[in-house]
Every structure is written in structure tokens, then in C-alpha cells.
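A look at the structure
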Amino acid sequence: MSELQQLKAKDFKSDQEVRWCPGCGDYSILSGVQATMADMGVPQENFVIVSGIGCSSRFPYYMETYGMHSIHGRANAIATGVKVANPDLSVWVITGDGDGLSIGGNHMIHSLRRNVDMKIILFNNEIYGLTKGQYSPTTPMGQRTKTSPYGSLDAPFNPIQLALGAGATFVARTMDVNPKHMKTVLRAAAEHKGAAFVEVWQNCVIFNDGAFKSWTEKAVRDEETVNLVAGEKMIFGKDQDKGLKTDGCKIEICSAEDASVWDPTHESPGPAFVMSQLDNDPNMPRPMGVLRSVSRPTLDQQVWDQVGAVTGTKGEGSLKDLLYTKDVWEVK
Amino acid sequence: MTIRFAGDSGDGMQLTGMQFTATTATVGNDLATFPDFPAEIRAPAGTRAGVSGYQIHFSSRDIYTPGDDPSVLVAMNPAALITNYKDLKPGGILLVNTGAFTESDLKKAGLDSNPLTDGTLSGYRVVKEDINQRTMEALADTELSKKDKLRCKNFYTLGMVYWLYSRPLEPTMEWLKEKFAKKPELAEANTKALKAGYNHGELLRLFQGHYEVPKVENAPKGTYRNIMGNEALAIGLVAGARLAGLKAFLGSYPITPATDILQHMSLLKNYDVITCQMEDEIAGICTAIGASFAGRLGMTTTSGPGLALKTEAAGLAVITELPLVIVDVQRGGPSTGLPTKVEQSDLLQAMFGRNGEAPIPVIACATPSDAFDCAVEACRIATQYMTPVLLLSDNYIANGAEPWKLPVIDELKPFPVEFATDPEGFSPYSRDEKLARNWAKPGTPGLMHRIGGLEKDAVTGNVSYDPENHMKMTEIREAKIMGIRDSIPTPQPHGAESGDLLVVAWGSTMGATRAAVERLHKEGVTVAHLHLRHIWPLPQGLDEIFSRYKKIVVPEMNMGQLARLLQSEYPDYRFKKFSKVMGKPFRARELKAHFAEILEEK
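Bear in mind that the values here come from a model prediction, so they are computed numbers and not experimental data. (Residues numbered from 1 in each chain as written. Chains lettered and ligands numbered in written order. Predicted model: local features only at pLDDT ≥ 70, side-chain atom pairs only at ≥ 80, totals over all residues. Heavy atoms only, no water.)

1. Topic: the side chain of Thr302 of chain B
For clarity, the cut-off: A run of H or I in DSSP becomes a helix once it reaches four residues, and a run of E becomes a strand once it reaches two; helices and strands are each numbered from the N terminus. For this analysis, residues touch if any pair of their heavy atoms sits within 4.5 Å.
Along the chain, the position of Thr302 of chain B falls in strand β10 (residues 297-302). Beyond its immediate chain neighbours, meaning those up to four positions away, Thr302 of chain B contacts Ile255, Ala258, Glu281, Leu307, Lys310, Val327, Asp328 and Val329 of chain B.

This is the structure in C-alpha cells:
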């Protein structure tokens, strides 16, 4: 490990030309991750970024870290291998709504339930971009795409709910057009010990332009989203005069004064799930920020603890011990 | 001497067979075994589908196969009897549990009349014994339920067979004590049943003969242990990683008949082994690839259907040039096929089952103990050439057992890996003289780099769509794999130096082929057996060997996959196919008969 030095965001820029479409939401996520990594106090050579296939998955090439641009949907599984093999590494998964929730949905839920200590950044643009415009598992029903010319018939996943249901210990949401918010969320994810799932609303300027604009445009953002901050009241609105009040099952709009305090560390994922249901109510703001953050032993740590414990009891095995067990016999 | 135990899959025949094997090994006989059990854990009791068998061949001479026809058959019920008796040698001993021959037992086995009385078994020495009743009597004063008492009948049977072959009871009694440490009443009951069976044999002199098979006289000096194929693979993979100076990482998913490797390696945590049972086959290989990227030796174990699922990821390991060992314990296919039966039909899948030009070295083990050497060899090739390696075993090797002369530890040759550490002029795709690329692991300062599934520039390692570069990289990957030939020996034919017939075999057909060829050779035929461990790349010098024989035949448990490969590589020779796709291994006798036929053909 090299001497720890203060890294800068630009230290994480590789010499490769970034090749996303002009205006793509990916650019701001790239900057956000670079800035976050620089501040983590982790030696640069200890970062590993693993991605699958899709527009977002080109990400590792643009980062001056160790990286693997792997195969479609499998980034979580490969990253699990990296992290378990060497828990000293800071492992990041870059994926998208197709890569991470469709072809890679299985690995996604299992890496979350196992609580592998890695950061999973899911770029959700509600469309397949690299294959040029087919509906994804987050595309709203009825949307016309190249493979749903008469409207999509598939009910979409809510990524937050999927992660909560899989037992994720950290679940958050942010957006490409609010870099300040993104940095706060990425930092919280980086500091979390365990699998951290971050959904980033990311605009695909070519195939699904404006998918999130009813919530993310500056003019409406404060009215249409509510930023959840641990230990603070849930307040939103242009004048920050509205609040959300909840009894744990039901959420109502109230005055800022009467707003409930948000607690992402609740033992049950219930409150976060109830909060994520706001996505389905056109009269309510959509939740942003950290929805869930709880502590649970990580797979990688437990694997190494177990190796240590077994070695402690049985003693470190040599090649000789491996082959010459007690049931051998001699031919003289 | 060959003996087969057959009963219902709930009768404990595998356990009985394995105990007999363990005891036989300790008295110094050479042996080979062949378990044969149904895919269903509990097929309907008493039916033909539920019959489970275990065959062991032991002798005071070298043994290559689990034997052709058993000379003793133990049948615990009518279904076991009717599905097995035809294999028994004429005049062979048949020990039948008459306690399981009621009207309804016969009906379950689909029999209209009782084979014990209708003349079916004329020509065999039938010993009828109500083992159910005898076991109950032996355990009369034991505080167990009737059901539990009856479950001891396999140990009563084992006791009788131990008497027949003059085997000591102590190893099994020790094993029972350990196995049932927490349930001493079961250890006691089974021990009682075992002793009662032994005494019963002695008392009644049930069988006309009482056999003693002496120790193997000419066995090479050394330390031996009894080993099954899957266990040999597990310890071979761990040993191979150690010899490379690395720690093993196994990412896997349970699948018959490969699961034991994962289970066994999971026990070896104190040998720096990490095992992850993943959510599917794909995740199994992908974690292994991730672990190799991080600097461990990644491995994954599977069978044919699982290998099909791992295909795309195997291609990723090819293009990222990471070391990886993929074990395929073959079973009957296609699709789910015959999960508990043996076949060699994944050879061409192993060779070619990937998109694009994706050469992977393929090696195949021949016997349970050879599986250890092959696992070490797979680790050597993977790490020395920075490539995934496909190691083929099969169900016959996986569940078969034989005495293994243990290698002397100091004679195991290490092949240590050197990781890149120097940032000066570093490129992830710079290569050594073997064309193996640099291996720099995350955590190494100054060597940050990206690899992945897209084609890379031959020099910088950056993504490249350049046509000439793609041609060049494809050629490099090909040449690297073909270069492995320089590190593998030319196999030597066993038998006649030249002559009428060369039999080329691979994998577990080795034993039966060797036995058949030896018998023919002794009869004066100029015949030889050539065994191939390295299937790809094929060793150098084969051409010259092929030229010394008039005819070449390739017996395989598939439709001629190696023959097809050899035919395309050596078009000047004609490779005759001899196929058996029945879920069962070749018998030396049928091979010998077929070879004799070929020799007569004009």
C-alpha cells in the first residue's frame, strides 16, 4: 500500500476518451464517483470497479483504478469474488436497469441478501440504450419503445423495493441532474459497511429523453421530490413549507412543522417500503436520499472470520496434512 | 474377485459397499469400485427404478476396472435381484434376502411369479436367507423401534460377506463408533448386526466356499490411502493452488455428480481455501473469475448442464486471460439426461462450446487417483499460461474408489506465480516467452488497469476495434494454447511397439481398455493402448505413434467425439469409432471382443 495522500477527483480520470452521447446523464455520475473516491481516504490502487454490459458499463474504462468490464448481468457475481478474495479492496459495481435488474436480477438480489461489502450504483434510465431503445424492467407500462410499438405490457420493477425485499442493508436514490445531492448519497454509500444499493435516475438523452423530468427539472424538483435525511423532518416544497407525516403504514402531507422525523435505521424495512410506495401516487412527492441504512455482518468479513476460526481450531494445514490423512497404510 | 451389492435405494447399499471397500483396502488388496444408483433420492420403494448398486473388484494383482461380471451378488429385494442377476457369472453366488419377497414385494418389482422358485435362477448358487428376520432376532434385546432395527439389515448383510471373504470387522466397528458418536445406541445396534451376520456365516457355513484374497504381492512400496475421484479432485485443486504459491477459491453450485468436490473443499478452510456456494452456475464461475482477478486461483466445479451455463463466462476468462480451473464431472446427457450415470459426451462441448475463437486447454483424468495429478496439472497450465483450463472427469471416476500411492511431498514440483509489481513500462498485455500475459493484482500501486470482454489492443491493453489488432490477438491466444505442447510429455503406447492395432482412449475408459489390450497382447496379438490425458492441445509425437499401427480404434462413452477430433487433426489416418452410450462403463470383455473383430476385418 502506498503512503496515503490526499487524492483529487482528477486523479481518477483515466487516459481514455469518454464516449457517451453528448448530454448523457452518465457524465455527471462519473464526476460524482471520482469526487467521492478521492475523499474516501482509500489508496487509489485499492479501488476495483466491475461492470456488466450496457452504456453505463463502459464506466471502468474511464476510471484510473483497477477495473473489469465483464459480461451482461454478471458484475455483482464477479465483484463478490473480488471482494471475498481480498476484503481490503473497495469494490464498486456499475450497472443499469437492464444489466442489473433484468439479465442480472438474480445476482443482484443474492449479493444484497449476502450483504457483500460493495457499492452498487444502478443507472436507471428506464430503457435499453446500447441496443438502441427497447423497453427495460423499469420502463413504465404502456410506454412505446422499439419492441413495444403498441405500448409495453410489462409491469415494471421499483428498484428500491426490489433491493429492500432482497434484504439490502443500504438503499438510496439520487439523480444525475443534482450533483450536490448525488455526492451526499454516494458518500453515505461509500461509508456504509455492507452492500450499498444506489439507484441513480439517469437521463438517456437519445432513447428516453425526459423520463424523469416531471420530478427532476429544477422548476418542479422541490415540489415533486422529498429528500430524506436521517434524523431530520421530512420537508419538501419550493418554500420548504410542506412535510410528510407517517404512522409507519400511511403517509400524509402536512405542514413542515408537523412533519415526522425520518429514520433509515429502523429495524424493519417496512417504513422504507411504505415510503417507496409514494412513487405510485401522482399526488405525492417521490422519495430521494437514503431510505435504508442498517448494520449486518458482511459476507466477506464472515468468510475470513470462518477461515480464521477453522484454522485456529484445526491448525494451519500443510500439503502433507492434506494428503497423508489418518487412514493411510504402508506397503513395505 | 468381483462382488455386487444391490438393494432398494433406502437399503444403504452404497454405504455397505463403501465399508467393504475401505476394509478391503486396509487388508492390502488392489481394488476398483463402481457405484450405480438412481437419480431419485427415494424412488418408490421396492420398484426397479429404485434399485441402487455398488460393485467392487479386488485382487492381489493390479486392477484397472471394477470388474466385468460379479461372482457374488447380494440382492436385498426382488427388484434388485431381477435387474442384476443376469450380470452374475454362471455358477456365481447369489445371496438373497427372502424377507423381502412377499407377494406385494414381487408386485412392486413388476413380477408375476417368484424368481426364487420359478427356475429363473437355475445355474447360480442361491443362498436364501431371511435377513430381515435374522436382523430383528439379533437386535431383540435392543431398545430401538422396529423400523430402526430393520434399518440395520445392511450391516447384518455386510457381516455375512465379511465372513465369506475373511475380512476383519474392526475397521467398520471403528467407523460406526465415530459415525454415531452422538447416537451410541445406533452404533451399538449396527455393530451387533454386523457381528451377528458374521457369526451366522461362520455357524452355518452358508456358502460352499470361503475366500481369502491375499495382499497384492508386487505393489510398489510406499504410503497408500483409499481415494474416490471427487475427493482426489478436491485435494488436487488445493494442492495445485499451493504449488502455484496461491490460495484456492472455489465458486460453485451443487450439481450431480460434481457436488462432492464443493462439499469436500468446504471442509478445507484451514488450507487457505475459500468456497462460495453461489446462486447459480454462472455466479459460480463469475466469482471464480473475480477471485482470480484479485490474485487467488479461481476454480469452479460442475457437470455438463452447468458447463453449458458457464460458457459465456468461460469466454470472458479466455479474453481477459485470467487463470481459472473449470471441472466438468460428466454424466449422461443431453439436457438433464442421466444425472447419476456415466458418459464422456462433453468432450466437444469442452473443446468448442464458446462463442468466438476461444481456445481452452482440455485435460481428462482416467482414474480416481489420477484425478489428483490432473487437478495439479490443470492448476499448472492455468497459472503458467494465464488461461482457463477445462478438466474433465466423469461419474465413474467421481464415485469410484481405488488405493492411491501417495506422492512424496518433496517430489511435487512447485510452479510459483510471479505477480507484476514494477510500474516501469507496465502493460497488462505484455507477455512472457510462453505468451502468458502479466498478472497484476488490485492493491498493487501504480499498476491500475482495466480488463474486460471487449477486444484489447495487443500493446496498451485499451479497447481496440482495429481489424489487424483483432487478427493478431486471436492468433496470440491460439498460439499461447498450442504452445502448451512444449510442456507436456508424449504419451507412450502400452503393449506392442508397433503392429496390427492401436487403441486410443481417454478419461475413464482407460482401465477397461488397458485390461482388454493386455489380455489380447498376452494372446500374441500386436496390439497397444495409448492413453491421452491432454486432449487439447494434443501432445507432440502422436503422428509418429499412429504410423506404427495398421488400424486405430477409439472406444468412447459417446458417439465418437475424440475420434472426430483426431480425424480432423490427423487426416492421414483412419480412426474407427467404438461407441457405448448406455450410462455404464465399458467392460474389458466387450472391448476385447470388439478389438478381435476389428483385427479380423479385411
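2. A few points about the sheet that holds strand β13 (residues 388-394) of chain B
All names here are of chain B. Applicable threshold: Criterion used throughout: strands pair if DSSP finds at least two bridges between them. Axis geometry follows a simple rule: fit a line to the C-alpha atoms, using only the stretch in contact for helices, then measure angles between N-to-C directions, giving values from 0 to 180 degrees.
A sheet is described by the order of its strands in space; here seven strands give the open sequence β9-β8-β10-β11-β13-β12-β19, paired in mixed fashion. The open sheet has two edge strands, β9 (274-277) and β19 (534-536), and neither has a second partner. Strand-to-strand twist across the sheet, computed as the mean angle between neighbouring axes with direction ignored, equals 20°. Summarising the sheet, strand β11 (residues 324-330) and β13 pair through seven bridges and their orientation is parallel. Note on β13: the bridge partner recorded for Val327 is Leu391.

3. Focus on the interface of chain B and chain A
For the record, the criterion: As used here, buried area is the combined drop in accessible area, with a 1.4 Å probe, of two parts when they are placed together. Salt bridge, as used here, is a side-chain nitrogen of Lys or Arg placed within 4 Å of a carboxyl oxygen of Asp or Glu. Under the rule applied, a polar contact is a pair of N or O atoms within 3.5 Å (in protein, one hydrogen donor and one hydrogen acceptor; residues adjacent in sequence only if both atoms are side-chain atoms).
Contact with chain B, which involves 68 residues of that partner, is made by 59 residues of chain A. When the two sides are added together, the surface that chain B and chain A hide from each other amounts to roughly 5300 Å², 64% of it contributed by carbon and sulfur. Contact with chain A buries surface across chain B, with Asn270, Met448 and Arg450 of chain B losing the most and accounting together for 14% of the total. Counting across the chain B and chain A interface gives three salt bridges. There are 28 residue pairs in polar contact (both at pLDDT 80 or more) connecting chain B and chain A. Contributing elements (two or more residues each) for the side of chain B that touches chain A: β7 (222-228), α9 (229-243), β9, α11 (281-293), α12 (304-320), β14 (401-405) and β15 (450-452) of chain B. Sorting elements by how many residues they give to the side of chain B that touches chain A places α11 of chain B first, with eight residues.

4. Topic: unusual backbone geometry
Rules: The classification of residues rests on relative accessible area computed with a 1.4 Å probe and restricted to protein chains. Under 20% of the type maximum is buried, over 50% is exposed, and intermediate values are partly exposed.
The omega torsion of the bond from Gly333 of chain B to Pro334 of chain B falls at 0°, within 30 degrees of zero and hence cis. Structurally, Pro334 of chain B can be placed in the loop between β11 and α13 (347-352). With an omega of -5°, the peptide bond running from Trp536 of chain B to Pro537 of chain B counts as cis. Within the secondary structure, Pro537 of chain B is located in the loop between β19 and α18 (542-546). Of note, the phi angle at Gln240 of chain A is positive, near 50°, even though the residue is not glycine. Along the chain, Gln240 of chain A turns up in the loop between β8 (235-236) and β9 (242-246). On the basis of relative accessibility, which here comes to 44%, the residue Gln240 of chain A falls in the partly exposed class. Its identity as a non-glycine residue notwithstanding, Glu321 of chain B has a phi of 55°, on the positive side. By secondary structure assignment, the location of Glu321 of chain B is in the loop between α12 and β11. Exposure remark for Glu321 of chain B: the relative accessible area of 0% places this residue in the buried category.

5. Looking at the pattern of salt bridges
Counted by the stated rule, this structure contains 33 salt bridges over all chains. A salt bridge links Arg187 of chain A to Glu191 of chain A, with the nearest nitrogen and oxygen atoms 3.1 Å apart. Pair noted here: Arg187 of chain A and Glu191 of chain A are both in helix α6 (residues 179-191), with a separation of four residues, about one helical turn. Taking relative accessible area as the criterion, Glu191 of chain A reaches 56% and is therefore assigned exposed. Between Arg477 of chain B and Glu455 of chain B there is a salt bridge whose closest N-O contact spans 2.9 Å. Of this pair, Arg477 of chain B sits in helix α16 (residues 467-482) while Glu455 of chain B sits in the loop between β15 and α16, and the two are 22 residues apart along the sequence. Here the two residues Arg477 of chain B and Glu455 of chain B agree in accessibility, since each one is buried. A single salt-bridge network, built from bridges that share partners, covers Arg4, Asp69, Asp87, Arg587 and Arg589 of chain B.

6. Some remarks on the packing of aromatic side chains
Heads up, the condition is: Any Phe, Tyr or Trp ring, taking Trp's six-membered ring, that has another such ring centre within 6.5 Å forms a pair; planes under 30 degrees apart are called stacked, those over 60 apart edge-to-face, and the others tilted. The criterion for a charge sitting over a ring is simple: Lys NZ or Arg CZ within 6 Å of the ring centre, and within 35 degrees of the ring normal.
Within this structure, the stated rule accounts for 22 aromatic pairs over all chains. Aromatic pair Trp201 of chain A and Trp215 of chain A: ring centres 6.1 Å apart, planes at 50°, arrangement tilted. With Trp201 of chain A in strand β6 (residues 196-201) and Trp215 of chain A in helix α7 (residues 213-216), this residue pair connects regions lying 14 residues apart in the sequence. Clustering of aromatic rings is evident, with ring pairs tying together Trp20, Tyr27, Phe59, Tyr62 and Phe123 of chain A. A cation sits over an aromatic face here: Lys320 of chain A above Tyr324 of chain A, 5.2 Å from the ring centre. The positively charged end of Lys434 of chain B is found above the aromatic ring belonging to Tyr385 of chain B, 5.7 Å away from the centroid.

7. Looking at the packing of α11 of chain B against α12 of chain B
Residue and element names in this part refer to chain B. Just so we agree on the cut-off: Throughout this description, any angle smaller than 35 degrees is read as roughly parallel, any larger than 145 degrees as roughly antiparallel, any in the 65 to 115 degree range as roughly perpendicular, and the remainder as oblique. Handedness of each helix crossing follows the sense of rotation of the near helix against the far helix: counterclockwise by less than a right angle gives left-handed, clockwise gives right-handed. Amino acids outside the nonpolar list (Ala, Val, Leu, Ile, Met, Phe, Trp, Tyr, Cys, Pro) and the charged list (Asp, Glu, Lys, Arg) are all regarded as polar, and Gly is one of them.
For the pair α11 and α12, interaxial distance at closest approach is 8 Å and the crossing angle is 30°. Classed by the angle they form, the pair α11 and α12 counts as roughly parallel. For α11 against α12, the interelement crossing comes out right-handed. For the pair α11 and α12, contact is made by Glu281, Ile282, Gly284, Ile285, Cys286 and Ile289 and by Gly306, Leu309, Lys310, Ala313, Ala314, Leu316 and Ala317, respectively. Classifying every residue of the contact of α11 with α12 gives nine nonpolar, two polar and two charged.

8. Some words on helix α4 (residues 105-114) of chain A
An α-helical turn contains 3.6 residues, so any two residues separated by three or four positions project in the same direction. Residue and element names in this part refer to chain A. The element α4 is largely enclosed, with a buried count of seven among its ten residues. All of the buried residues in α4 are Gly105, His107, Met108, His110, Ser111, Leu112 and Arg114. Looking one or two residues beyond α4, the residue adopting positive phi is Asn115, at roughly 55°.

9. Quick notes on the domain arrangement of chain A
All names here are of chain A. Filter applied, for reference: Where each domain begins and ends follows an automated or database-derived domain assignment.
For chain A, the domain assignment lists domain 1 (1-211 + 297-332) and domain 2 (220-287). Taken over C-alpha atoms, the centre of domain 1 sits 27 Å from the centre of domain 2. In this assembly, ten residues from domain 1 lie in contact with eleven residues from domain 2. With both chains or domains summed, domain 1 and domain 2 bury close to 900 Å², and 51% of this area falls on carbon and sulfur atoms. Its largest share of buried area at the contact with domain 2, domain 1 owes to Gln161, Leu164 and Arg173, together 50% of the area lost on that side. Linking domain 1 with domain 2 are one salt bridge, by the criterion used here. The residue Arg173 makes a salt bridge to Asp279 at a minimum N-O spacing of 2.6 Å. Listed by contribution, the elements that provide at least two residues to the side of domain 1 that touches domain 2 are α5 (159-165) and β5 (170-175).

10. Describing the side chain of Thr142 of chain B
Residues and elements named next belong to chain B. Mapping Thr142 onto the fold places it in the loop between α4 (131-138) and α5 (146-150). Thr142 sits in the buried class, given a relative accessible area of 14%. In this structure, Thr142 is in contact with Lys149, Ala189 and Lys192, ignoring residues within four places of it in sequence.

11. A few points about the domain arrangement of chain B
Residue and element names in this part refer to chain B. You can read the domains of chain B as domain 1 (2-204), domain 2 (234-487) and domain 3 (494-600). Each of domain 1 and domain 3 was reduced to a C-alpha centroid, and the two centroids are 36 Å apart. At the interface, seven residues of domain 1 touch eleven residues of domain 3. Inspection of the region where domain 1 meets domain 3 yields three salt bridges.

12. Let's talk about a positive patch on the surface
Applied cut-off: Without a salt bridge and with relative accessible area above 30%, a residue can belong to a patch; like charges are then joined within 9 Å and nonpolar side chains (Val, Leu, Ile, Met, Phe, Trp, Tyr) within 5 Å. Under the convention used here, a 1.4 Å probe and the Shrake-Rupley method define accessible areas, while residue burial counts only the protein chains that appear. Residues counted as positive are Lys and Arg, residues counted as negative are Asp and Glu, and His and the chain ends are not counted. Lys charges are placed at NZ, Arg charges at CZ, Asp charges at CG and Glu charges at CD.
Together, Arg61, Lys89, Arg519 and Lys522 of chain B make up a region of like positive charge exposed at the surface. Looking at the secondary structure, you find Lys522 of chain B in helix α17 (residues 510-522).

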